[in-house]
Amino acid sequence: MNGQVRALLRENNRREKGLSPEAQEKMTDIVVYLRGQDLSQLTQEEIRRDIQEMVLAAEARGERIDQVIGEDHRAFCDEIVAAVPRSSRPVRALRAVSVILPALSVLLGIWTVNKVVHTLLAGNPPLYLTLTVGEVISMAVILLTGVAAVEWICHTALDKEKEEGKGRGFLRLWAICVGVAAAILVPGLVWKAPLCTVFLPVAVVVTFLPALLSWGLSRCRAL
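Residues numbered from 1 in each chain as written. Predicted model: local features only at pLDDT ≥ 70, side-chain atom pairs only at ≥ 80, totals over all residues. Heavy atoms only, no water.

Enquirer: Where do I start with the overall build of the chain in this structure?
Expert: When its secondary structure is counted, the chain shows nine helices and two strands. Counting helices and strands in the order they occur from the N terminus, the chain gives α-α-α-α-α-α-β-α-α-β-α. Burial status across the chain gives 31% buried among its 223 residues. A total of about 13800 Å² of accessible surface is found on the chain, and carbon and sulfur atoms cover 67% of it. (Helix = DSSP H or I, 4+ residues; strand = E, 2+ residues; numbered from the N terminus. Buried < 20%, exposed > 50% of the residue type's maximum accessible area, 1.4 Å probe, protein only. Areas by Shrake-Rupley, 256 points an atom, 1.4 Å probe, with all protein chains shown as cover.)

As structure tokens, then:
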């Protein structure tokens, strides 16, 4: 995150504290929705600032947030987003990569520590770590599931409440969690064929590399 975005983010967080509790709650949903749009971080915060200023001015007149942006918050945001020029394909690709890289670094770190611990428990020096086919598949499933979950949360943040019983909703969530857990655990247990052997110092460097790349991309104003 570059300095301009960081400064605007702090200013928006400070300004939002001046809103009523109702407006703060709805602004949170709006911000989550904006995070899932094809917008740079700077543009997201600029839109957030403009909406905040509108709501603050309205509340100073004794009006509620819905009297300013309407009852359909999603339509209001979509109209604003549609007015913003669409990013180029390379920028969109880099933006997507910058989201995945930190999670990949965390997964690689967990894998490295797990392998070192298991190797030590087996009584062997952890200089070389074996990566299996199943482990690669599991990490890929975790990454894709995480990205899909975040995208779903962002894009449904402003959806109107669905008329669904709590029991049915809980069962559906439970089924999804079980399915995802199975998709993550089964490959590692079934496909144990070695894919490659990694020298421990190389594994450490590879673990931190995605995080460093993500930090570098975050400094780019276009993202």
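Enquirer: Can you help me understand helix α9 (residues 200-218) in this one?
Expert: In an α-helix, one turn spans 3.6 residues, which is why side chains three or four residues apart end up on the same side. Helix length check: α9, at 19 residues, gives a terminal C-alpha distance of 28 Å against a target of 27 Å (1.5 Å per residue), a fit within 8%. At L209, α9 is deflected by roughly 25 degrees, the largest bend along its length, and proline P210 occurs up to four residues later in sequence. Of all the positions in α9, only A203, T207, P210, S214, L217 and S218 are classed as buried. Tucked into the core, α9 has its buried residues touching α3 (41-60), α6 (89-121), β1 (128-132) and β2 (194-199). (Expected span 1.5 Å × (residues − 1). Bend = angle between axes of the 7 residues up to and from the residue. Contact = heavy atoms within 4.5 Å.)

Enquirer: Can you help me understand the environment of D78 in this one?
Expert: With respect to the secondary-structure elements, D78 resides in helix α5 (residues 73-82). In this structure D78 comes out as partly exposed when scored by relative accessible area, which is 32%. When the C-alpha atoms of D78 and Y33 are compared, they prove to be 9.7 Å apart, with 45 residues separating the residues in sequence.

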